Amino acid sequence: AQTVTQSQPEMSVQEAETVTLSCTYDTSESDYYLFWYKQPPSRQMILVIRQEAYKQQNATENRFSVNFQKAAKSFSLKISDSQLGDAAMYFCAYRTYYGGATNKLIFGTGTLLAVQP
Amino acid sequence: GAVVSQHPSRVICKSGTSVKIECRSLDFQATTMFWYRQFPKQSLMLMATSNEGSKATYEQGVEKDKFLINHASLTLSTLTVTSAHPEDSSFYICSANSGNGNQPQHFGDGTRLSIL
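Please read these numbers as outputs of a predicted model, since none were measured by experiment.

Peer 1: What am I meant to see in the packing of aromatic side chains here?
Peer 2: Aromatic rings in a pair are described by how distant their centres are and how their planes are angled relative to each other. Using the criterion set out here, one finds 16 aromatic pairs over all chains in the structure. Aromatic pair Tyr25(A) and Tyr32(A): ring centres 5.3 Å apart, planes at 65 degrees, arrangement edge-to-face. Taking the relative accessible area as the measure of exposure, Tyr25(A) reaches 5% and is therefore buried. Taking relative accessible area as the criterion, Tyr32(A) reaches 2% and is therefore assigned buried. The lysine or arginine in question, Arg43(A), covers the ring of Phe91(B), its NZ or CZ lying 4.1 Å from the ring centre.

Here it is in structure tokens:
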């Protein structure tokens, strides 16, 4: 079975600085998806970024980028130019590639990010 | 983009009451929806996978008779917490996959359930 591990329960960053959140996973599959979701105090789950395992290029969405190391089964999230609105719980998630719409997400335990003004 | 609407956002009721939570996909059809439970400062715990026109698939340890799931149409799944007790108080979130499963899951805004 697949597992997702986030080893940093809490992180803190100064506004305008850069922070990296760690995520590792375990799987025997070669094709899969990886996601980072953000959950602010409103509790809404917001997709931050997505990576397909078959793509070697790291995904980027504006200030958010990932460092995907398939061999090491590592999927870290880098937030550049941190803003106060980035403060939230961040969840790393895994989903298998095959099986279609029934595929469930496997979540890590989350990292609570605080942004200091 | 794909939108999932969840209702109600907040419910407070007495112990012993049954509570129904609705999850709707507003602009896409969802053959599969997912129901999660989340305790404060913890991750999302998958409770069950809701399949349109068939029985839900429950995760280990989740009581089927306690958490009734109905997915009668391609845009609506409901979760009914039967005979709710204070220990059922939690945050419940639904999600759905749009397309053929190669798209990210879209989440509802969640329901905060408080049982007195």
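Peer 1: Is there a simple way to explain the pattern of salt bridges in this structure?
Peer 2: Oppositely charged side chains can form a pair if their charged atoms are brought close together. Under the defined criterion, the tally for this structure stands at 7 salt bridges over all chains. Among the salt bridges present, the one from Asp26(A) reaches Lys73(A), with a minimum N-O distance of 3.6 Å. Of this pair, Asp26(A) sits in strand 4 (residues 24–26) while Lys73(A) sits in the loop between strand 8 (64–69) and strand 9 (74–79), and the two are 47 residues apart along the sequence. Judged by its relative accessible area of 41%, Asp26(A) falls in the partly exposed class. We classify Lys73(A) as partly exposed; its relative accessible area is 26%. A salt bridge links Glu22(B) to Arg24(B); the nearest nitrogen and oxygen atoms lie 3.5 Å apart. Of the residues examined, Arg24(B) reaches a relative accessible area of 34% and is grouped as partly exposed. Residues joined by salt bridges that share partners form a network here, namely Arg50(A), Glu52(A) and Lys55(A).

Peer 1: Would you explain the sheet that holds strand 1 (residues 4–7) of chain B in this entry?
Peer 2: Where strands meet in a sheet, backbone hydrogen bonds hold them as pairs that are either parallel or antiparallel. Residue and element names in this part refer to chain B. One open sheet holds the 4 strands; their spatial order is 1-3-8-7, and the pairing between them is antiparallel. Two strands close off the open sheet at either side, each with one partner strand: strand 1 and strand 7 (67–73). On average, each strand axis in the sheet is inclined to that of its neighbour by 15 degrees, with strand direction left out of account. Relative to strand 8 (residues 76–81), strand 7 is paired through 5 bridges, and the arrangement is antiparallel. Directly across from asparagine 70, in strand 8, lies its bridge partner threonine 78.

Peer 1: Which parts of the structure should I look at to understand the pairing of strand 5 (residues 44–51) of chain B?
Peer 2: Two faces belong to every sheet, and in a regular strand the side chains alternate between them. Residue and element names in this part refer to chain B. Burial analysis of strand 5 places 7 of its 8 residues in the buried class, which makes it a mostly covered element. Sheet topology note: the strand 4 (residues 32–38)/strand 5 ladder contains 7 bridges and is antiparallel. Residue phenylalanine 34 lies in a different strand from strand 5, and its bridge partner there is threonine 49. The hairpin turn running from strand 4 into strand 5, its antiparallel successor, is 5 residues long, and lysine 41 in that turn takes a positive phi close to 60 degrees. By the bridge criterion, 2 bridges tie strand 5 to strand 6 (residues 57–58) in an arrangement that is antiparallel. Residue pairing in the sheet places threonine 49 in a bridge with threonine 57 of strand 6. Between the antiparallel neighbours strand 5 and strand 6 lie 5 residues, among them glycine 53 with a positive phi of about 80 degrees.

What counts as what
Residues numbered from 1 in each chain as written. Chains lettered and ligands numbered in written order. Predicted model: local features only at pLDDT ≥ 70, side-chain atom pairs only at ≥ 80, totals over all residues. Heavy atoms only, no water. Phe/Tyr/Trp six-rings, centres within 6.5 Å; stacked < 30°, edge-to-face > 60°. Buried < 20%, exposed > 50% of the residue type's maximum accessible area, 1.4 Å probe, protein only. Lys NZ or Arg CZ within 6 Å of the ring centre and 35° of its normal. Salt bridge = Lys/Arg side-chain N within 4 Å of Asp/Glu carboxyl O. Helix = DSSP H or I, 4+ residues; strand = E, 2+ residues; numbered from the N terminus. Pairing = 2+ DSSP bridges. Axes fitted to C-alpha atoms, helices over the stretch in contact; angles between N-to-C directions.

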